[in-house]
Amino acid sequence: LADMTDTVGELVLTDNYDQTQAISIERTKTVHNVKEHARFIRMLEKSGNLNRELEFLPTDGVLKEFAASNRGLTAPEISVLLAYSKIHIYDRLLESSAPDDDYLRNVIERYFPERLVENYRGEIARHRLRREIVATYITNIMVNQAGPLFTFQLSETTGASYADISSAFICSREIFSIDKVWQQIEALDNKVDANIQMQMLSDAAGLLERSTLWLLRNRRMPINIQQTIDYFSEGIEDLRACIPRCFAKPNKILHKKRKDMLVKKGVNTALADQVASFVALSSSLDLVEVANEKKVDMNVASNIYFSIGDILDLHWLRDNIADLRADNHWHLLAKSSLRNQLHRIQRLLTADMLSGSKGAAKERMDAWNAVNIKAKQRFKNVLKELRRSGKLDFPMLSVALGELQILRQSNDSANTAESQSTEK
C-alpha cells in the first residue's frame with residue numbers, strides 16, 4: 001500500500017482535474033443553457049434530491065432574469081449542479097442492471113492502481129462493492145466529458161432510461177476513440193490558449209452527444225455494447241481514411257478552415273485535422289449503417305452522401321436548423337427532431353442511390369439526377385423561396401424537410417416504375 005501512495009495521489013488529482021475541467025466547459029455554455037439549468041434544478045427539487053435554498057442556488061425568478069439579460073450560473077453554482085447530477089445518475093444506474101453488463105463490468109479495473117490489478121485481478125472482479133464502483137466510474141466519465149445536463153436532456157428527448165443512455169455513451173466513446181483525443185487535448189495545457197482547449201473538448205463532447213442520440217434512436221435497447229462497438233468501429237476508421245477527400249467542395253473548405261485555425265493557434269496538425277473532422281463525423285454512424293447494409297466500399301458511400309448534401313444544399317438547411325432560437329424546452333425538442341429528420345432522409349437518399357445503378361459514385365449520382373430532375377428542381381425552388389424570406393423559423397424549416405421527403409418518395413416511385421417497365 002505504501003508503494004502505491006503516489007499512484008493513488010495521481011488518481012485523486014486526476015479526478016479533481018477532470019471535475020474542474022467539466023465545470024470550466026459548462027461555464028462556457030452557461031448563458032445558452034440557463035433555461036435548461038433551471039429545468040434541471042426543478043427536476044432535482046421535485047425528486048427530493050436537492051434543497052435549492054440550502055445550496056444557495058438562484059430561484060426561478062432570478063433564473064428568468066438571467067435568461068433575459070444573457071447571464072448564466074457562476075462556476076460555484078455549476079459545481080453544485082455537477083455534484084447533484086452525479087448523485088442523481090449514480091442512484092439511477094445502481095437501481096438498474098447497467099453495472100452487471102459484461103462490458104461495463106470490466107471497467108472496474110480502471111478504478112484501481114495497475115499494481116493491484118496485476119496481482120489481484122480475480123479479487124477485484126469479486127469485490128463486494130463492484131456494482132457501486134462500476135456505477136461511480138460510468139457516472140464520472142459521463143458527467144465529466146458530456147456535462148451535467150447530458151443524461152437529463154437525452155432522457156427527456158428520447159424517453160430512454162439512464163442505463164440505456166450510459167450504454168450508448170460508452171459505445172460512442174469507444175467507437176470514436178474519444179478518450180485518446182481527449183488526452184491529447186489535455187496534453188496541450190500551457191501550450192495553447194485554454195479557450196481553444198475548451199472549444200476542442202466541447203466539439204468532442206458534441207460528437208459524443210450526437211452519436212449517443214443516434215444510437216438511442218436507431219438501435220433496439222438494451223444495446224449490446226461489444227457488438228455495437230465492433231459493428232461501427234471498422235467503418236469509422238475507413239471513413240476517417242477518406243476525410244477530407246470524400247467531401248464535397250463546401251465541406252472541404254469548411255474542414256480546412258477549422259483545421260488551419262487550430263494549427264495557427266498552436267495545435268499540432270494531426271490533432272487539428274482530427275478535431276476539424278468532428279462535425280462531419282456527426283453523420284458517420286448513418287454512413288457506416290448504409291455502407292454495411294448495401295455492402296459497398298466506404299469511399300463510394302461517403303462520396304455519394306456528401307455529394308447529396310452539396311447538390312441539395314443540405315448543409316444550408318442543417319446550419320439554419322442549428323441557428324434556430326430555442327426559447328423553451330419544446331423548441332429544443334423540435335430542433336432535435338428536425339436534425340434527426342434531415343440526417344435520416346439524407347441516409348435514405350444515399351441508400352437509394354447505392355441500390356440503383358452500379359459503378360463509381362459519380363455514375364450513381366448521374367443516374368439518380370436523370371430520374372429525379374423535376375422533383376429535385378421543385379425542392380431547390382422551395383429553398384430559393386426560403387432564402388428570400390430572411391430569418392427562418394420552425395414551421396418554414398419543417399416545410400423544407402417535408403419537401404425533401406417528397407423528393408425522396410418521388411425517387412421511390414421512379415424506381416418502382418422503372419422496375420415494372422423492365423419486368424414487362
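Below: a short report on this structure.

A short note on unusual backbone geometry
Turning to step 1, where the next piece is worked out: Cis geometry marks the peptide bond from Met221 to Pro222; its omega dihedral reads 0 degrees.
Turning to step 2, where the next piece is worked out: Within the element layout of this structure, Pro222 appears in the loop between helix 11 (194–218) and helix 12 (225–242).
Turning to step 3, where the next piece is worked out: In this structure, the amide linkage connecting Ile243 to the following residue, Pro244, adopts the cis form with an omega of 0 degrees.
Turning to step 4, where the next piece is worked out: With respect to the element layout, Pro244 can be found in the loop between helix 12 and helix 13 (249–264).
Turning to step 5, where the next piece is worked out: In this model, Asn70 sits at a positive phi of 55 degrees, which is unusual for a non-glycine residue.
Turning to step 6, where the next piece is worked out: Looking at where Asn70 falls in the secondary structure, it is placed in the loop between helix 3 (60–68) and helix 4 (75–95).
Turning to step 7, where the next piece is worked out: The phi dihedral of Ser177 is positive, around 50 degrees, even though this residue is not glycine.
Turning to step 8, where the next piece is worked out: Its place among the elements puts Ser177 in the loop between helix 9 (162–175) and helix 10 (178–186).

Notes on empty space enclosed by the protein
Turning to step 1, where the next piece is worked out: Counted by the stated rule, this structure contains one cavity of 30 Å³ or more.
Turning to step 2, where the next piece is worked out: Counting residues per element, the ones that place at least two in the lining of the largest cavity are helix 1 (5–27) and helix 7 (130–146).
Turning to step 3, where the next piece is worked out: Counting residues per element, the lining of the largest cavity draws most heavily on helix 7, which supplies four residues.
Turning to step 4, where the next piece is worked out: Among the residues making up the lining of the largest cavity, the classes are represented as six nonpolar, three polar and two charged.

Section: the pattern of salt bridges
Turning to step 1, where the next piece is worked out: Inspection of the entire model under this criterion finds 21 salt bridges.
Turning to step 2, where the next piece is worked out: With a shortest N-O distance of 3.2 Å, Arg115 and Asp3 are connected by a salt bridge. Pair noted here: Arg115 is in helix 6 (residues 114–125) and Asp3 is in the segment before helix 1, with a separation of 112 residues, a long-range link.
Turning to step 3, where the next piece is worked out: Asp3 sits in the exposed class, given a relative accessible area of 61%.
Turning to step 4, where the next piece is worked out: A salt bridge links Arg388 to Glu385; its shortest N-O distance comes to 2.5 Å. Of this pair, Arg388 and Glu385 both sit in helix 21 (residues 373–388), separated by three residues, roughly a single helical turn.
Turning to step 5, where the next piece is worked out: One connected set of salt bridges, linked through shared partners, spans Arg42, Glu45, Arg52 and Asp60.

Looking at the nonpolar core
Turning to step 1, where the next piece is worked out: Counting residues in hydrophobic clusters, the biggest one holds 128 residues, and the most contacted among them are Met200, Val267, Leu312, Leu317 and Leu404.
Turning to step 2, where the next piece is worked out: Examining the composition of this core, we find that eleven residues originate from one element, helix 11, more than from any other.
Turning to step 3, where the next piece is worked out: Sequence-distant contacts of Leu312, that is, excluding residues within four places in its chain, are made with Leu349, Trp368, Lys376, Phe379, Leu383, Leu404 and Leu407.

Let's talk about the side chain of Ser283
Turning to step 1, where the next piece is worked out: Here Ser283 lies in the loop between helix 15 (278–281) and helix 16 (284–294).
Turning to step 2, where the next piece is worked out: Of the residues examined, Ser283 reaches a relative accessible area of 5% and is grouped as buried.
Turning to step 3, where the next piece is worked out: A polar contact is formed between the side chain of Ser283 and the side chain of Tyr305, at a distance of 3.3 Å.
Turning to step 4, where the next piece is worked out: Once residues within four sequence positions are removed from consideration, Ser283 is found in contact with Tyr305 and His343.

Quick word on the packing of aromatic side chains
Turning to step 1, where the next piece is worked out: All chains considered together, the criterion is met by seven aromatic pairs.
Turning to step 2, where the next piece is worked out: On the basis of an interplanar angle of 45 degrees and a centroid distance of 5.2 Å, the ring pair of Phe40 and Phe152 is categorised as tilted. Taken together, the residues span a long stretch of sequence, with Phe40 in helix 2 (residues 30–46) and Phe152 in helix 8 (residues 150–158) at a distance of 112 residues.
Turning to step 3, where the next piece is worked out: Phe152 gets classed as buried once you look at its relative accessible area, which sits at 4%.
Turning to step 4, where the next piece is worked out: Where Tyr231 meets Phe232, the ring centres are 4.8 Å apart and the plane angle is 80 degrees; that geometry is what we call edge-to-face.
Turning to step 5, where the next piece is worked out: Its relative accessible area of 34% is what places Tyr231 among the partly exposed residues.
Turning to step 6, where the next piece is worked out: Given a relative accessible area of 0%, Phe232 falls into the buried group.
Turning to step 7, where the next piece is worked out: Put simply, the rings of Trp214, Tyr231 and Phe232 pair up and form one aromatic cluster.
Turning to step 8, where the next piece is worked out: The aromatic ring of Trp316 is capped on one face by Arg387, whose charged end is 4.5 Å from the ring centroid.

Structural notes on the side chain of Ser85
Turning to step 1, where the next piece is worked out: Note on placement: Ser85 falls in helix 4.
Turning to step 2, where the next piece is worked out: Of the residues examined, Ser85 reaches a relative accessible area of 1% and is grouped as buried.
Turning to step 3, where the next piece is worked out: Other than its neighbours up to four places away in sequence, Ser85 contacts Phe40, Val143 and Pro148.

Overview of the environment of Trp330
Turning to step 1, where the next piece is worked out: Mapped onto the elements of the fold, Trp330 is located in helix 19 (residues 329–355).
Turning to step 2, where the next piece is worked out: As for Trp330 and Thr157, which are separated by 173 residues in sequence, their C-alpha atoms are 9.7 Å apart.

Some words on helix 10
Turning to step 1, where the next piece is worked out: For helix 10, the set of buried residues is Ile178, Val181, Trp182, Ile185 and Glu186. For helix 10, the angular spread of buried residues about the axis comes to 140 degrees, placing them on one side.
Turning to step 2, where the next piece is worked out: Close packing links the buried residues of helix 10 with helix 1, helix 7, helix 9, helix 11, helix 14 (269–276) and helix 15.

Description of the state of the cysteines
Turning to step 1, where the next piece is worked out: Inspection of the entire model under this criterion finds zero disulfides.
Turning to step 2, where the next piece is worked out: No disulfide involves Cys242; its sulfur sits 5.1 Å from the nearest other cysteine sulfur, which is in Cys246.
Turning to step 3, where the next piece is worked out: In this structure Cys242 comes out as buried when scored by relative accessible area, which is 4%.

Conventions adopted
All residue numbers refer to position in the chain's written sequence, counted from 1. Under the rules for a predicted model, residues below a pLDDT of 70 receive no local features and side-chain atom pairs below 80 are neither given nor counted, while totals for whole chains, interfaces and linings still include all residues. Hydrogens and water are ignored here; the side-chain numbers use all heavy atoms of the structure. For helices the rule is a DSSP run of H or I covering at least 4 residues; for strands it is a run of E covering at least 2, with both sets numbered from the N terminus onward. Definitions used for this entry: grid spacing 1 Å over protein atoms alone; cavity, a set of points where a 1.4 Å probe fits but cannot get out; pocket, an open set with protein on both sides within 12 Å along at least 5 of 7 lines; lining residue, one with an atom within 4 Å of a point. Grid points are joined across faces, edges and corners, and a volume is the space filled by probe spheres set on the points. Classification used: nonpolar for Ala, Val, Leu, Ile, Met, Phe, Trp, Tyr, Cys and Pro, charged for Asp, Glu, Lys and Arg, polar for all others including Gly. Here a salt bridge means any side-chain nitrogen of Lys or Arg lying within 4 Å of a carboxyl oxygen belonging to Asp or Glu. Burial classes follow relative accessibility: with a 1.4 Å probe on protein chains only, a residue under 20% of its type's maximum area counts as buried, one over 50% as exposed, and anything between as partly exposed. Buried Ala, Val, Leu, Ile, Met, Phe, Trp, Tyr and Cys residues that are joined via side-chain atoms within 4.5 Å together make up what is termed a nonpolar core. Here, two residues are considered to be in contact whenever any of their heavy atoms come within 4.5 Å of each other. Distance and chemistry together define a polar contact, namely a pair of N or O atoms within 3.5 Å, with one atom able to donate a hydrogen and the other to accept it when in protein, and with adjacent residues in sequence counting only for side-chain atoms on both sides. In summary, the pairing rule links any two rings of Phe, Tyr or Trp, Trp by its six-membered ring, whose centres are within 6.5 Å, and it sorts them by plane angle into stacked for under 30 degrees, edge-to-face for over 60 and tilted for everything else. Charge over a ring is defined by NZ of Lys or CZ of Arg lying within 6 Å of the ring centre and within 35 degrees of the ring normal. Along the arc lie the directions from the helix axis toward the C-beta atoms. Throughout, a disulfide means two cysteine sulfur atoms within 2.5 Å of one another.

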